[in-house]
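Each chain, written out:
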Amino acid sequence: MRAAVMYGAGDVRVEDRPDPKIVQPADAVVSVVASCVCGSDLWPYASMPATGTGRPMGHEFLGLVEETGSDVTALKAGDLVVAPFTYSDNTCDYCAKGLHISCRNGGRYGFDGVDGGQGEAVRVPDADGTLVKLPVAADSALLPSLLALSDVMTTGHHGAVTAGVGRGDAVLVVGDGAVGLCAVIAAKRLGAERIVLAGRHEARTGLGREFGATDVVAERGKEGIARIRELTGGVDKVIEAVGTRQALDTALGAVLDGGTISRLGVPQYERGPIGPAEFMRNITLTGGASPARAYIEQLLPDVLDGTITPGLVFDQTFFPLDQTPDAYRAMADRQVLKALLRP
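Below: a short report on this structure. For clarity, every value in this text was computed on a predicted model and none was experimentally measured. (Residues numbered from 1 in each chain as written. Predicted model: local features only at pLDDT ≥ 70, side-chain atom pairs only at ≥ 80, totals over all residues. Heavy atoms only, no water.)

Of the residues making up helix α9 (residues 245-254), those classed as buried are A247, L248, T250, A251, L252 and A254. If you follow the buried residues of α9, they end up packed against β11 (170-174), α8 (221-232), β14 (235-240), β15 (255-263), α10 (276-280) and β16 (284-287). (Buried < 20%, exposed > 50% of the residue type's maximum accessible area, 1.4 Å probe, protein only. Helix = DSSP H or I, 4+ residues; strand = E, 2+ residues; numbered from the N terminus. Contact = heavy atoms within 4.5 Å.)

Here it is as structure tokens:
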């Protein structure tokens, strides 16, 4: 099969790799119908040391079940399924409390002999616990929004949930990438009355307004914090969807004492400001990697009936798979918000 492999910063290649096969009885082989490039893929794309072996890429995909292992009972060949961005057994103690990201038997695509999602097919471990069957055909117009449930929409939802967003709230979303825009959808869905989107890319913030943002703040740093406080007086709920120190500093500057900041962006820093000043303000820092599997079935009905349309974050499709390096370049150059890949 053909699949994308990263060999170092700026070096993504599409090459022939072994066809996936059933290894464990709980496995399924899924033929990929659609996948995508994630904003988190751009961090190694910018900084990964060169390697001679490469790393299979991609963790967001949906497709058709081709084959199942003998222990798989909930799925059959021909089922259309969406894969959360990590696999999990859905039975361990962590999964039982909705923390599938910490599954004791789970893992990540592209590691430990498991295929990446940016390829023609994927071996999915713990298929019954991981994959969610979709009640639509493989040519459905809903596919982009269903694919978004693999990561960006469930991650945006995780931010809104962990921030405690509820009816009537004022919320700040820091970051106009796909996750930030999905956080706007999630905040609106949970009843937020005012949603301030901090971002400076007009096409993206325009989409954010379509999703429910009531205000857009383009300024950064101290100017951005001052503008947010001018508009709102400060907010109780913040969703930080970037992962840089500047984004965290914006969140801390805009949040009211006693407020909550949910961090969704993969941190590109090791140390943050959590000293006496923050301690005295009683700020709650929460968030983290989304347990996507816990949210897919909650959000699925709203995608199916068109209540939410997170698939609008995909603004360009790259086909065939050999165009994947172009998709990375376009996203890294901010020419594309989120690239959809078709094998």
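Next comes the rest of the write-up.
Quick look at the environment of G168 now. Mapping G168 onto the fold places it in the loop between α5 (152-163) and β11. A sequence separation of 30 residues divides G168 from A198, and the C-alpha atoms of the two residues are 20 Å apart. Residues within four places of G168 in sequence aside, it is in contact with G191, A192 and E193.

Bringing the pairing of strand β1 (residues 2-8) into the picture now. Of all seven residues in β1, six are buried; the element is thus mostly enclosed. Bridge count between β1 and strand β2 (residues 11-16): six bridges; the pairing is antiparallel. Each bridged residue has a counterpart across the sheet, and for A3 the counterpart in β2 is E15. Here β1 folds back onto β2, and the loop between the two strands holds two residues, one of which, G10, carries a positive phi near 70°. (Pairing = 2+ DSSP bridges.)

Before going further, it helps to examine the packing of aromatic side chains. Scanning all chains against the criterion turns up three aromatic pairs. Seen in terms of ring centroids, F61 and Y109 are 5.2 Å apart; in terms of plane orientation they differ by 80°. Their pairing is edge-to-face. Here F61 is found in strand β5 (residues 61-68), whereas its partner Y109 is found in the loop between β8 (107-108) and β9 (121-124), with 48 residues between them in sequence. Aromatic side chains Y87 and Y109 sit 5.7 Å apart centroid to centroid with 65° between the ring planes, which places their arrangement in the edge-to-face category. (Phe/Tyr/Trp six-rings, centres within 6.5 Å; stacked < 30°, edge-to-face > 60°.)

What follows is about the pairing of strand β6 (residues 80-83). Within a regular strand, side chains alternate between the sheet's two faces. By the alternation rule, side chains of β6 split into L80 and V82 and V81 and A83, which are all buried. In terms of strand pairing, β5 meets β6 through four bridges, oriented antiparallel. For L64, the partnering residue across the bridge sits in β6 and is L80. In the sheet, β6 pairs with strand β10 (residues 132-133) via two bridges, with the strands oriented antiparallel. Within the sheet, the bridge partner assigned to V82 lies in β10 and is V132.

According to the stated counting rule, one finds 16 salt bridges in the structure shown. Ionic contacts of the salt-bridge type, sharing partners, join the residues R2, D16 and D322 into one network. (Salt bridge = Lys/Arg side-chain N within 4 Å of Asp/Glu carboxyl O.)

Read from one edge of the open sheet, three strands run β2-β1-β4, paired in antiparallel fashion. Of all the strands in the sheet, the pair left with one neighbour each is β2 and β4 (55-56). With two bridges connecting them, β1 and β4 associate as antiparallel partners. Bridging across to β4, V5 finds its partner in P56.

Spatially, β13-β12-β11-β14-β15-β16 is the arrangement adopted by the six strands of the open sheet, whose pairing is parallel. Pairing within the sheet leaves two strands with one partner each, and these edge strands are β13 (215-217) and β16. Here the average twist between neighbouring strands, direction ignored, is 20°. Of the strand pairs in this sheet, β11 and strand β12 (residues 194-198) are connected by five bridges, and their pairing is parallel. When the sheet's bridge partners are listed, A170 is paired in β12 with R194. Running over the sheet, helix α6 (residues 178-189) touches β11, β12 and β14 and is turned about 175° from β12. Lying over the sheet, α8 contacts β11, β12, β13, β14 and β15, oriented at roughly 160° with respect to β13. (Axes fitted to C-alpha atoms, helices over the stretch in contact; angles between N-to-C directions.)

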